[in-house]
Structure formats: structure tokens, C-alpha cells
Amino acid sequence: MYSSSTQDNPPPRDAGRYIRIGIAALIGIIIFVMISNQAVVLFMNVKEFGHLFTQPLYYSLLSAVILASIVLIRVNIKNRSSIAWYSINAAINFLKKGNNYSVTENIPSFKDYKLSIPNFIIWQITKVLLFGAFFANLMFGFAVSYMIQGNDLGVQSIWNLFSLPFTTPPTDPSYSLDKVTPMIPTLIILVPPILAAIGLRLVLYVGLHNIVRVIINYVQDASKGKPKFLDYIATIEGIIGIGIIWAGINMFFTDQIDYNTKYAIGGTLAVGFALIVFYFIDKFKSKVIIHPSKRDIYIRILTIITIAIIASSIMAVNNSIADAKKIEYLGPYKAQQIGVNRYLGQLDQIQITPHEVKQSSSIQPTDIPSYVMQNNALLNKIRVWDSQGANDKIKPEIGLIPYVAFENNDILRFNDTLYWTASMKPILPSSVTQENIWYNQHLVYTHVDNGFLALDASNGTIVDSNNLFKQRVIYYGEGGLFTDTWSAYPVNRGTNTAELNNASYNGKGGIDVSPPISQIFEPNFFLSYPTEPIHIIRYRDIHDRMQLLYPYFQYNLFGNNVDALPVTDGQKTYWLVPLIVGFDTKNVPWSVSNPYLRLVGFALLDTYNGNITLIKTGDDFFTKMFVSEYGNNFIDTPSWLQKQLRYPEALFNWKVDMFNMYHVTDTSTFIQAKDFYEVPTGLGTYYVEAKPPGYDKTSFIGILSLELQGSQGRNLAGFMTVQNDIPNLGKMQFYQVPLDSKTKLLGPSAVSEALSRDPDYAKLQTLLRNPRIGDNILYRIGNDDVYFIPVYTAGSGGVVTQLGTIAAVGAAFDGEYHVGLGNTPQQAFTAYLAKLSGVAPSNVTSALQLDQTSRIATLRTILEADNLKIVSPTSIQLPLSFEEGKTSFLQPSDLDNTKKLISDFLKNFVQPRSDRIIFWEENSTVKLGTIVVVDNVPELHYISIEVG
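Source: prediction; values computed, not measured.

Draft legend 1. Summary view of the packing of aromatic side chains. Taken as a whole and judged by the stated rule, the model has 58 aromatic pairs. Aromatic side chains W385 and Y792 sit 5.1 Å apart centroid to centroid with 40 degrees between the ring planes, which places their arrangement in the tilted category. With a gap of 407 residues between them, W385 in the loop between α15 (376-379) and α16 (387-394) and Y792 in strand β24 (residues 784-792) connect regions that are remote in the sequence. Each member of the pair W385 and Y792 is classed as buried. Positioned above the aromatic ring of Y596 is the side chain of R598, whose terminal nitrogen or guanidinium carbon lies 4.3 Å from the ring centre.

What follows is the structure, given as C-alpha cells:
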């Protein structure tokens, strides 16, 4: 019933309309913020890094244009069809007609739908612009750019690939080196993205396009009561046929070829071409026939089954024959597998040296002290402390500082001495409250003050890191807040700094950013610094930084970050980052998908400024590519770095893994798999100062022991070494124990058992209380192969670790174990030689000890050798005195350290000014000094040497 009240009420508001508008506005704001932020990051990267950032972008863009064009651009101007625009047109028609829309009556014909020529051309370009980013492939673009400049990557040899499955190769691996290796650059860089692009194009324009057309034609034809089933089947036959042919073509690009590959390829291609023939036949028939006959269906099915049966039968017969004639059938192909993989692993560069296992069985007890002294220099360099022991001993050095933590602990070499060097990372203290997290992350905990702690790997002494690294402040490092966040400070902060411990960064890293760019990058700056420019330091994690600027290399290999080592030129500290390039070889014949890995060189990344310089060590095809584009960024290897280099452990281990199988070059032995090697369980690469057979001096090497795969014995087949010095960096040598050697070389597990069985160790073990056995490292000392094994008093996880004893275990085994124990490598080696000679170790080790008088006489001899005049005053009274160093000389093993301290003191304080040195004794300590006058004030500078 109508009333005035009804008339006066206004219509209800459309609340849903306002909600939709609000949601749309919110989405728009979010998109704007995201795009703006990404644009700002891009702008900052270009401004801060310039060419280093834009060069990889150029290669990615080049690859995106080429690959997207292969996939997306259509050249059929006559038909000018488009699934995308056809679908949009159909959707618009549906929205216009709403409920009155009839699919069967109003759906447009896909066959008749065409874009205008200008729109068709514009659409092809638009597709590349819209979807090109999905096809970006950095390495492909890099290779194309390299080839545009007139360089060759072996593209012309790729045609040889198609003959390989149909040619029975000889049993000489050189066949694959001639045929396959020239095309490897093309197969690992260019071929994979091109095959993927062509395959995707076939899916879109042969598969999806025609399937959509079949569905639409069926809907339209069915609405008229005249579905053309034979036409639809013909189209599907053609789609499947082309797909199978493409699969057959891809079978040429395989990582394995054998005697059956040609039949597999032939059968696949035969099925594909048979379906194409049926497509043309059925397409012709479909003009007059609607339904396929049963006879035609049976013919098609039987044809495909027949081809499959013929191909599989031939392959089965070949396999059956090959079971009895493996060498004749499989041998030629295994020979090529060996050849290709020896090339991939650079195994031809590994020198194999027969190793004669030795022990000093004929040494006389009276000769033992002199024999030990002859090898004293090497015994002083025995690596007594392992990684866990070093960690446990260094950890207390952090103290109660809550904002730093360990990141890595690496074995490094400085001045021919090995040190365990722990690098630190900044962390946020757990006491920081939620509302203060942002401030502390970005403005306070920006760096690590004391970025490195060090321990002498030979004697376990905590070393003052200032003696190794003058620059210890880290702004670019690994882990912690370096990885999680960026840091910043106001450009105009003056002396008011928020950084930890009043630090004030003044390096070259980072970029000055003014509003509004700074505020788009970080909205918190909008209110806190509305008008001030901000200095922002990003990409502080060295792996993230390298990945951004040099994304061509592998910074994570086999699931672990590649080791970056701290090195120093005496003033600045750098991260030494290996530049390892890696490619998948799934398209390389006979590679069995083993990767292609090469060391191009190293990057030196400044820990304070973040700048990067490159050093070249490689000579492969990618190194040439990279140097051609980045040659200006390379420097010659600095002289100071040559004695700090270390070959990457991950790359060395991979090469050893390749060697373990492919050192076997005889095909029959390879097929029988009886001479393969493996790394003993729980063993890793040890970097040590050692003198293997054939070396004329002690060298810094990596060593890894190998045993026969599946062997029930626990003896070594040999050990692999790698050199770390220029010009032999990366040179590998395998010391191979002959299989018929009467004296065996004990493996790690057998050595551990020998130690546990030793009665002297059994007694000591009860006193040490829960000892932990450290690394068992094999050394050649004189004529003896000996394992040195440290035993620590603290178990796993102990904070305070002490060295309980050192065991020297004879590696040569002829039926009896020989184990010597001692507090130093000299004592342990002496005890081992004593047991080998059949005398009590105590009778020999006592002969090694020097009395106090002898030690003092030795010090005088060292000074006299430097033509110094020794003066011994009755008393010394000076206003100022400075102790420049101290050490102990209590046993022969201390002599080298004592000589080094004296040498450094003479060089820095005595010989530049005088030929006299003051020599006096205080409480069993010898002191050597000199007087220096500074500003008319005499100063005494001296060193202390404990001798008793």
C-alpha cells in the first residue's frame, strides 16, 4: 500500500560499490608502491654500480628478445590468428549479452577470426615486451653477444652431433675429443635454451592452438548436428606426430649414446612420421567422410605397435648379445664416456706417480735424534689443531660480546705459517626490544669491529690478529646482519654517529640517496629524515654482492657456499672469492650429466669499501669470453697474494670424484668396475704444509686420501695432492700405491684402530677423560709415511679444549702397528721411531732434550751468525722500556719460532741502527735488546726468550 512515508525515504546507498572502489584503490596503491620501490632499487643499482650492473642486464635483455621471439612471434600473416585476442573477443561478447548468450550459437569461429595486419604485427612485438622477462637467460645472451663480435663457440661443429648415434666409435677415447669437445661450448650454453624455446613454441602454436581450434569446431559443428570426427582425429594425429618427431630430435642431444640409441631414435622418428602421414591421409578423407572407419583405426594402431615392437625387439636382442659381449658392444661407447669425462674433469692434467710405501725399519736407535733434527723444520709445521679444536679454543675470545658470532673458520697461510682464522658476523642482541629492532639493524649494528680471530694451527697459540690483518673492521662480510639487512646513516651526521662503538663509516661503499628516492626506498625515512640525504650501504653479504655484479659464477656449489677467504696486502683486508663457472651437460654426448666446472680466477672484495677487482687464472673458453668483456676489471696476481692463495676445496673435491672413476682408461676394466676409488668415510681435504715425495721443499698443499671402492680392506690406494702456489696453482698429483705392493698404506679407519689398540694410549686414555681424536693427516717425514693424530681433552662441544697428546702412527703396514705418543710432533715421531727400532721411547726422547746451557749457547750462535756484537751489561736502567715480543725455547721444536722472533726483532729494531745487541738473563729468561733514542729520550726495546 502506497504511503507518503515510503515516498519520502531516499534509496539505499550502494555499499558494495564503495567497497569495490576502495579495494581497487588499495590494490592500485600496493602496485604503485611495489613498482616504485623496484624502480628505485634499479635506479640505485645503476647509479652505484654503473656498467657492472647494466652489463648482465644487457645480456639478459638480449637473450629475452631472441628467445621470446622464437617462442612467441608468429609469421603467418595470412591467417593472423591469436588465441589471446580471440578469447578476449569471446569474453566481451559474453559480457555484452549476459544471460542471453548462447555458446553454441554465438561463439565466433576461430578459423575465421583474424587480426588486422597492423594489429597483428603490433601484437607480436607486444608479446615479446610483455613476456620477454620469462625467457631471460644470462649465459645465452652473453654467448650471443660474444659471437656477434666475431668469436667462435664451435657452432659449425654441431652438425657432427647427428651422425654420432649412427656411427660405431672406435675404442680410442680420442674419437670423442675430436668429435664432441669442439661443440661443448655450444651444447652447454646455446643449445639448451634454444631447444626449450622451440619446444614451447610447438606446445603453444602446434599443440594448444590446434586443440583450441578442434574444440571450437566441434562445438560449432555439433550445434549443427554435423561433427567432423575424422577431421578432429587428423588434427590430433598431426599434433602427436610433430610432438614425437620433436622428441626424437631431442634424443640426439642426450648425455649418453650406446649401441641401441640409433634404434630408439629411429623408432621414435618412424612413429612420428607415420602419424604425420596418417594426418595428411585423414585430412584428405575428412573432406568427404565424417567418421573414421574401424579398418583405418586398426591400421594406425597396428602400425605404431609394429614400429615399437620392431625397435624394442632389436634393442632387446642387442642387450642380450651385449650381456655376453660387453666389451665388444659396450666398450667403444664407454671409451667415449671416459674421454668426454676426462675432458670435463681435466683429468689429463693430473700427474700419476707410483708411491713406494716406506718406513725406517733399518734406523739405529742412536741415529734417531739426528734423524728427527734433520726433519725438524717439517715437524714444526705439522697441523696439530683441527677445525673443531680451533673453534673451541677461539670461542672464549669473543667474551661476553652479544652482537657478534662466528661465521666461518678457515685454514689460511701467512708467512708460511698455518692459522685457523675465524671470521665474525654482526647479529642483533636478543635483548633488543621489538620497537627498537629496525633502528638497531640499520643504523647501529652496521659492522664488526674485530672481524677476525686467529689460532696457530701448529701449536694452538691464540695469535693477535693485528699481526695478520691491519684492517679488521668488516662492513662487507658473510652471514648475520650482512645478509639480512642494509645499513645507513645521514650524510650530514658530522660527529654524531649511531654506529656501534662510535664508529663512523667513511669508506667508498654505498650510495648517497636524497628525498624522495630515499623515502620510497624506506618509508621510515619519510618522517625521520624528510629533507636530509641518506647514505645507504646495500649488498653487504659478499655472496649477494658477487651474485649481483658477477652473476655468471657459482657461489654455491653442491649445496654449500664456496669458501671466501680473508687475505691482506699488509694494510687492507679482502675476501678472496673463487670465480667458478658451471654448466649442465645433459645435452653433451657421453657426459652422463657430469657438470662442466672451471676456475676462471678470483675476486678480491674489499672488506671495508666493497669494491671488487678480478684476477685471472683459467684458460678455458669461458675465461676467454669473460675476459673479452671484463678485461679492464682484471689485475695481475699481486706478489703479496701469491703466498696466500688456496685452490677452492669444492672444486678440488669434485675433480677427485671425477678421477675416482675416470682414472680408469681401459674399457674392460671400466666395465668391470673393479679399480674405482672412493674417499674414505668421514674424510675431507686437509690443507697442510707438507713435503710429499718429489718435492724439494715444504709446500702448502691440499691432500685427500683415496681407497679402492668396495674394498673390504682398509688400506689406501693412494692420495691426491693439489698445489696452491703460483704458477702451479691447481696442479694435482696422485700418489698411487701399486696393487701388488707388499707393504700396505693404512687408511684412516685402520690407523684409528691401531691407535686404540696401542697399550700406551690405552693407559693415557683413562687419564684424559672423554678424549676427542682429531684429524688424522698423512705426512711423508724423511723416508717415513706417518699419520699425526692430535688427541684433545675436551669432547665435542667443549668450550675449553686442551691438547692431551699427539700420536704418530706408521702408515706403512707389514703386519705390525707402530704408534708413538708425545707432547709435540717431534716427541711423537721420536717415540714412533723408537718403537720401530725396538727400544723404549723414553731412552730416545731424553736424548732430544737440550739443557739450559745448550739453549743459551744456541741463541748466542744465532746472533753471531748475523755478525752482531753481543754485549752483556751488569745492569740496565732506562726511563722507558718496551717488550716487542716473547717466546719459549725449551725443546728443539721451539727453535724455528725462536729464530723467527729474533730475525724480526733484528730487522725492525737493531740492524737499521747498530751492529750491537744487548744480551742479559733474568730468572731463566734470556732478553735481547737495543737502545733507541726518540726525541732525546733513550728507550730500551727488547724481546724475551724463556730457556728454563
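Draft legend 2. Fine view of the side chain of D282. Within the secondary structure layout, D282 lies in helix α11 (residues 261-285). For D282, a relative accessible area of 1% puts it in the buried group. A distance of 2.4 Å separates polar atoms of two side chains, one belonging to D282 and the other to R300. Discounting residues that sit within four places of it in the chain, D282 has contacts with L230, A234, E237 and R300.

Draft legend 3. A look at the environment of T573. Within the secondary structure layout, T573 lies in strand β12 (residues 573-583). Taking the relative accessible area as the measure of exposure, T573 reaches 0% and is therefore buried. Along the chain, T573 and T168 lie 405 residues apart, while their C-alpha atoms are 57 Å from each other. Other than its neighbours up to four places away in sequence, T573 contacts F452, F469, Q471, V567, T568, L605, D606 and T607. For T573, the side chain forms a polar contact with the main-chain oxygen of Q471, separated by 2.6 Å.

Draft legend 4. Main features of the layout of surface pockets. Taken as a whole, the second largest pocket encloses approximately 780 Å³ of empty space. Lining the second largest pocket are 37 residues, with E649, L683, G684, T685 and Y686 positioned closest to its centre. Listed by contribution, the elements that provide at least two residues to the lining of the second largest pocket are β2 (404-414), β10 (560-561), β12, α23 (649-662), β17 (686-690) and α25 (748-757). Among the elements that make up the lining of the second largest pocket, the one with the highest residue count is β2 (four residues). Among the residues forming the lining of the second largest pocket, the class breakdown is 17 nonpolar, 13 polar and seven charged.

Draft legend 5. Quick peek at empty space enclosed by the protein. One pass over the full model with this rule turns up four cavities of 30 Å³ or more. What the largest cavity holds in volume is close to 70 Å³. Taken together, A690, K691, P692, P693, I701, I703, F719, L778, Y779, R780 and D785 make up the lining of the largest cavity. At the level of elements, β18 (699-708) and β23 (777-781) are the ones that each hand at least two residues to the lining of the largest cavity. If one sorts the elements of the lining of the largest cavity by residue count, β23 sits on top with three residues. Among the residues forming the lining of the largest cavity, the class breakdown is eight nonpolar, no polar and three charged.

Draft legend 6. A look at helix α29 (residues 852-865). Between its first and last C-alpha, α29 extends 20 Å over 14 residues, near the 20 Å set by a 1.5 Å rise per residue. Among the residues of α29, R855, I856, L859, I862 and L863 are the ones counted as buried. Seen along its axis, α29 keeps its buried residues to an arc of 115 degrees; they face one direction. Set apart from the buried face of α29 by more than 90 degrees, the exposed residues are T853 and A865. Tucked inside the fold, the buried residues of α29 contact β28 (869-871), α30 (895-910), β30 (916-922), β31 (925-934) and β32 (937-946). Looking at the residues trailing α29, positive phi occurs at N867, about 60 degrees.

Draft legend 7. Main features of the side chain of R772. Looking at the element boundaries, R772 is found in strand β22 (residues 772-773). A polar side-chain atom of R772 sits 3.0 Å from a polar atom in the side chain of D386.

Draft legend 8. Representation of a nonpolar patch on the surface in the model. A cluster of nonpolar side chains, I297, Y298, I301, L302, I305 and I309, forms an exposed patch at the surface whose accessible area comes to about 570 Å². Following the sequence through the fold, I297 ends up in helix α12 (residues 294-324).

Draft legend 9. Highlighting the packing of helix α7 (residues 138-148) against helix α22 (residues 621-630). Packing of α7 against α22 leaves a shortest axis separation of 11 Å and a crossing angle of 75 degrees. The angle between the axes of α7 and α22 places the two elements in the roughly perpendicular class. Contact residues: M139, F142, A143, S145 and Y146 in α7; F622, K624, M625, F626, S628 and E629 in α22. Partitioned by chemical class, the residues of the contact of α7 with α22 number seven nonpolar, two polar and two charged.

Draft legend 10. View of the sheet that holds β32. The five strands lie next to each other as β28-β30-β31-β32-β29, forming an open sheet whose pairing is mixed. Looking at which strands have only one partner, the edges of the open sheet turn out to be β28 and β29 (880-888). Averaged over all adjacent pairs, the angle separating strand axes in this sheet is 30 degrees, with direction ignored. Contacting β29, β30, β31 and β32, α30 crosses the sheet at an angle of about 170 degrees to β32.

Draft legend 11. Geometry of the packing of helix α3 (residues 51-72) against helix α6 (residues 117-131). Orientation of α3 relative to α6, taken along the N-to-C sense of each, is 125 degrees, at an axis distance of 9 Å. By the angle between their directions, the pair α3 and α6 is classed as oblique. When the axes of α3 and α6 are compared, the crossing they make is right-handed. Along its contact with α3, which presents V65, A68, S69 and L72, the element α6 presents Q124, K127, V128 and F131. Taken together, the residues of the contact of α3 with α6 break down into five nonpolar, two polar and one charged.

Draft legend 12. A look at the environment of Q765. On the secondary structure map, Q765 appears in helix α26 (residues 759-768). Using a relative accessible area of 35% as the deciding quantity, one classes Q765 as partly exposed. Along the backbone, Q765 and T805 are 40 residues apart, and their C-alpha atoms lie at a distance of 9.8 Å.

Draft legend 13. Focus on the sheet that holds strand β4 (residues 452-456). Strand order in this open sheet of four strands is β2-β3-β4-β5, and the pairing throughout is antiparallel. For this open sheet the edge positions go to β2 and β5 (462-463), each flanked by a neighbour on one side alone. Where strand β3 (residues 417-426) meets β4, five bridges bridge the pair, whose relative direction is antiparallel. Looking at β4, one finds that A422 is bridged to L453.

Draft legend 14. Representation of the environment of P578 within the structure. By secondary structure assignment, the location of P578 is in strand β12. Between the C-alpha atoms of P578 and F602, which are 24 residues apart in sequence, the distance is 4.5 Å. Residues contacting P578, with those up to four places away along its chain left out, are Y555, V562, D563, L599, G601, F602 and P648.

Draft legend 15. Highlighting the pairing of strand β25 (residues 803-810). Burial runs high along β25: seven of the eight residues are buried. Across seven bridges, β24 lies against β25 in antiparallel orientation. Residue F788 lies in a different strand from β25, and its bridge partner there is A808. With four bridges connecting them, β25 and strand β27 (residues 819-822) associate as antiparallel partners. By the bridge assignment for β27, A807 is matched with L821.

Conventions and cut-offs
Residues numbered from 1 in each chain as written. Predicted model: local features only at pLDDT ≥ 70, side-chain atom pairs only at ≥ 80, totals over all residues. Heavy atoms only, no water. Phe/Tyr/Trp six-rings, centres within 6.5 Å; stacked < 30°, edge-to-face > 60°. Helix = DSSP H or I, 4+ residues; strand = E, 2+ residues; numbered from the N terminus. Buried < 20%, exposed > 50% of the residue type's maximum accessible area, 1.4 Å probe, protein only. Lys NZ or Arg CZ within 6 Å of the ring centre and 35° of its normal. Polar contact = N/O pair within 3.5 Å; in protein donor to acceptor, adjacent residues only side chain to side chain. Contact = heavy atoms within 4.5 Å. 1 Å grid on protein atoms, 1.4 Å probe; cavity = no way out; pocket = protein on both sides within 12 Å on 5 of 7 lines; lining within 4 Å. Points joined across faces, edges and corners; volume = space filled by probe spheres on them. Nonpolar A, V, L, I, M, F, W, Y, C, P; charged D, E, K, R; others polar. Expected span 1.5 Å × (residues − 1). Arc of directions from axis to C-beta. Patch = residues over 30% accessible without salt bridge, like charges linked within 9 Å, V, L, I, M, F, W, Y side chains within 5 Å. Areas by Shrake-Rupley, 256 points an atom, 1.4 Å probe, with all protein chains shown as cover. Salt bridge = Lys/Arg side-chain N within 4 Å of Asp/Glu carboxyl O. Axes fitted to C-alpha atoms, helices over the stretch in contact; angles between N-to-C directions. Parallel < 35°, antiparallel > 145°, perpendicular 65-115°, else oblique. Pairing = 2+ DSSP bridges. Left-handed = near helix turned anticlockwise from the far one by under 90°.

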